[in-house]
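# Residue-level structure breakdown
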Amino acid sequence: MWRISKNLITRSGGGPTLKDICSKAAPLTAQTRYNSQSSTKGAPVPEVPSSADVVIIGGGSAGCHTLYHLAKRGVKAVLLERAKLTAGTTWHTAGLVWRLRPNDVDIQLLANSRNMLMQLEEETGLDPGWIQNGGVFIAHSDTRLDEYRRLATVGNALGIENYILSPEETQKVFPLLDPKAFIGALYSPGDGVVDPAMLCTALTRAATRNGARVVENCSVEDLVVEETGKGKKVVGVKTPYGTIKTEKVVNATGVWGRDLIEKHGSFLPLIPMKHAYIVSESIPGVRGLPNIRDHDYSTYFRIQGDAICMGGYEPNPILLDPVAKDFHFGLYDLDWSVFDTHLNGAVKLCPTYANYGVKSTVCGPESFTPDHKPLMGPDTVITGLYHNCGFNSAGMMFGGGCGEQTALWVMNGKPDLPMFGFDLRRFTDTQSRATQWINEKSHESYVKNYSMVFKYDQPLAGRDFQKDPLHDDMMAHNAFMEEKQGWERPGFFLKESAPVQKYDWYGSYGNERHKDCAYERVLDGDLRYNSFSDYHNLIGEEAMACRNNAVVFNMSYFCKLFLEGPDAQKAADWIFTGNTNRDPKKTVYTCALNDAGGVEADVTISRLNSGSGAVHDPKFEGQGFYIVAGGASAYYTYTMMKDEIRRQGFNASVRDVTSDMGVISIQGPKSREILQKIVNCELSDENIPPNSTVLTQCKDVLNNATEYGVRLLRVSFVGELGYELHVPKEYCSQVYRSLMKVGETNDLRNAGYRALYSLSSEKGYHLWSFDLRPDDTPLEAGLGFTCRKEGSYKGKEAIEKQRKEGIKKRLVYLTLDDQVPIWGLEGVYRNGEPVGFLRRAEYAYYLGKPLGQTYISKPDGGNIDVDYIKSGEYEVDILGKRYKAKAHLRSPFDLEGKRVLGIY
């Protein structure tokens, strides 16, 4: 038994309790720990097969779950572990399984993990170590309790049993808590814990019964990668005992996830850190109690028999250099100067806990990522390589769900859930190589893991990573900047400047915390659930200026691609649902689908003639297309197209020019009048009709002798008469300043993305990864018009099947007359029954009411039609209270679509 006192740690006998520890001001010395390494001396020489359908590298939670799901589906897979199963990080994990998260995909993945755990013993005859003792989230403030009410609403909509409890009710569930120490709680009876060793044994036993193989004490020396005309391709795995031929490999190596791939030019944004918990002496009355998460105190309790395992997320975690390859079952010394931040909160919450000593400490390496989400999916450099790692100390609870999605990715080329938030392609190649950016972002994500999740919160780390050509102009106009995929973009415009600051590491590692930071003060005005943002009216002014006059949006970070080559038309025909073989002036809105008909991207595409060679007017052989897509998913769209061209063998290429051009969008009733002053082409409907593009020149009114070549598109993301200027970065600022100058007499103003998204939602346009995802088809989303009848395209069979058989869900717009804020994830009820949740939520300023988008489905899973939608009475559950809502098949704004035509 370990007893802890100031500057002294002794073994066994009497000693101070946690109460004593908490009263000490001086940091405690580190306990001397063993560093147990597994040994292979005397072990039989591993036998590896000559070939396999799939090779999984890593025998922790991620690898064992992936093996289980592949074998269950008949795939002959081999798992290689360089030591013993669970070595590395899995063996020492706390094994907590929670059910409620502020994301519907997370909730579904956790549900899949839990469902697997609950049936695994019956399937294998082995106890997987699953204990359903429930879970409690503790709240110390009204705002935190509002967050839990939000979790409860989406949980209720998705069938997750949960209860909001008073302190007294919480004490009945966990009698050792002090009800005066908190104001409420969220209780989820279905939560629990799992033993990592027992689980991995059950998983691999089931897998081997289904034909899989597990080879322990077998390290992987290298991937065998072949250079082809289409890029790099994995063809095998090299071990000390022979090479296994395979065309599919899963990297499930956790903290070592980067090691094998960097030599082949592929990189993962992942960093190891020390993560710890302590195990108490036996505490009477603890056995069978639920686990606790006290987010405000950044502390958790995991019940382990009669003991409490206590840990959390501290502000100064220890970042590690690469973890030694032979660090199999080792632990680090616990640095109490880092860990003791958790002690006082734990003792305040549970006074009894203070009376007992520490039996042992556990401090091991864990892998962390820039956004605290795993890194999954296909590698962007090496074909046939998939990743399932970087679990941020959540590998046990996400293991089953993510292992299943990885198996489906490997087998079918796609998961069956919308996994963009987990897909490593949410990060660009540039981000994945940027060590400082990765360190900063991963540190902040670790520190804020227990922070409240607000829709409009922004990171402080990794800022100014990528700036578009108009960044300085935006700052000169007092833009409040947001970050998306590494880019800075304007959220809204203030009267005074509030620039982002250099990352201060939250005052850790000898850095001084910024004092009175204007950027953080502005952020604070957005951090609430039960009232509108402090900037609600300001954003409304920007939105209404667009509806009534004209505004400029800086859309420079939007994805900009050129598709070109002899087979460019064939590639466009296959990848996109719309007819792209149009007049070169025509711009088409269309979708790219997966085999199930789900939307992988929605874009505008313009067929081009070969031009001068300028970035906005490219020269090419064969056919060429200009493609514009959302910026937050830019790299995903780019790699998706590249992969599909490779798979189909088209003689075509995709070129990313996002960083080479800015995009200046002018929108609103007076947009044509203002823009006409600086362009040398006629902006009439006859010359530039809606959804078209031309090359033109813009006058520099600040320097009359200069004209700049630009590409002009007549398109709108907000449902107004509007135009976009796609301008080479070298003179983008000059064009912007000229436009703002000539617009002064018309009160032209800037507007940010907060207004843009509100206006877009109000018009009924889509935002990919929110109300349009890879699990939504165009027919379900009201985009059937984008799917042509002639010719073949990817996903067409699924679309035609839906046309014939009907759909099971449908996008519906809900308006509320009550002036209450909605944020997304609110439960939706039809005639008192849950039928969905809000995928997207905005305030529609022109309509003057909250507006949400949801997919409605029948509780019995049957087909859904217009009569079903129209015949129901709808309510939206907001923070535990239901509000009446009106359902619309289309947004009620400008139903005739006149405004985008310039008819006012």
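Residues numbered from 1 in each chain as written. Predicted model: local features only at pLDDT ≥ 70, side-chain atom pairs only at ≥ 80, totals over all residues. Heavy atoms only, no water.

### A word on the pattern of salt bridges
As a reminder, the rule being used: What makes a salt bridge here is a side-chain nitrogen of Lys or Arg within 4 Å of a carboxyl oxygen of Asp or Glu, nothing more.
Throughout the structure, instances matching the rule amount to 48 salt bridges. A salt bridge links Arg513 to Glu520; the nearest nitrogen and oxygen atoms lie 3.0 Å apart.

### Topic: the pairing of strand β32 (residues 623–629)
Spelled out, the test is: In this scheme, a residue with accessible area under 20% of its type's maximum is buried, one over 50% is exposed, and one in between is partly exposed, where area comes from a 1.4 Å probe on protein chains only. Per the convention used, a helix needs a DSSP run of H or I reaching at least four residues, while a strand needs a run of E reaching at least two, with both numbered from the N terminus. The pairing criterion for strands is at least two bridges between them, as found by DSSP.
Among the 7 residues of β32, 7 are classified as buried, and the element is accordingly described as predominantly covered. With burial as the criterion, each face of β32 is covered, one bearing Gln623, Phe625, Ile627 and Ala629 and the other bearing Gly624, Tyr626 and Val628. Taken together, the 7 bridges between strand β29 (residues 559–565) and β32 define a ladder with antiparallel strand orientation. Within β32, the residue paired with Glu564 across the bridge is Gly624.

### Digging into the pairing of strand β40 (residues 827–830)
Burial of the side chains of β40 extends over both faces: Gly827 and Tyr829 are buried on one face and Val828 and Arg830 on the other. Relative to strand β41 (residues 833–844), β40 runs antiparallel, the two sharing 4 bridges. From the neighbouring strand, Arg830 faces β41, where its bridge partner is Glu833. Connecting β40 to the next strand, β41, in antiparallel fashion are 2 residues, including Asn831 with a positive phi near 50 degrees.

### Re the packing of aromatic side chains
We count it as follows: Ring pairs are drawn from Phe, Tyr and Trp, using the six-membered ring of Trp, whenever the two centres fall within 6.5 Å, and their geometry is named by plane angle: stacked under 30 degrees, edge-to-face over 60, tilted for the rest.
Scanning the entire structure with this criterion turns up 34 aromatic pairs. Ring centres of Tyr313 and Tyr446 lie 4.9 Å apart, and the angle between their planes is 65 degrees; on these two criteria the pair is classed as edge-to-face. Here Tyr313 is found in the loop between β20 (307–312) and β21 (329–330), whereas its partner Tyr446 is found in helix α11 (residues 435–447), with 133 residues between them in sequence. For Tyr313, a relative accessible area of 7% corresponds to the buried category. Here the aromatic rings of Phe420 and Tyr636 are separated by 5.4 Å at their centres, their planes lie at 85 degrees, and the arrangement is edge-to-face. One end of the pair, Phe420, is in the loop between α9 (395–412) and α10 (429–433); the other, Tyr636, is in helix α16 (residues 634–648), with 216 residues separating them in the sequence. Accessibility classification places Phe420 together with Tyr636 in one group, the buried group.

### Structural notes on the UniProt feature "domain: FAD dependent oxidoreductase central" (unreviewed entry) in the protein
Stated formally: UniProt positions are given in the numbering used here, feature names are shortened, and annotations may be inferred rather than shown by experiment.
Per the UniProt record, "domain: FAD dependent oxidoreductase central" (unreviewed entry) is found at residues 412–466. Counted over residues 412–466, helix gives 35% and strand 0%. Its end C-alpha atoms are 35 Å apart.

### Things to note about the environment of Ile271
The following threshold applies: Contacts are residue-level and defined by heavy atoms, with any inter-residue pair within 4.5 Å sufficient.
As for its placement among the helices and strands, Ile271 is situated in strand β17 (residues 271–280). Through-space distance from the C-alpha of Ile271 to that of His443 is 9.2 Å; in sequence the pair is 172 residues apart. When neighbours within four sequence positions are excluded, Ile271 is seen to be in contact with Arg258, Leu319, Leu320, Glu366, Ser367, Phe368, Asn439 and Ser442.

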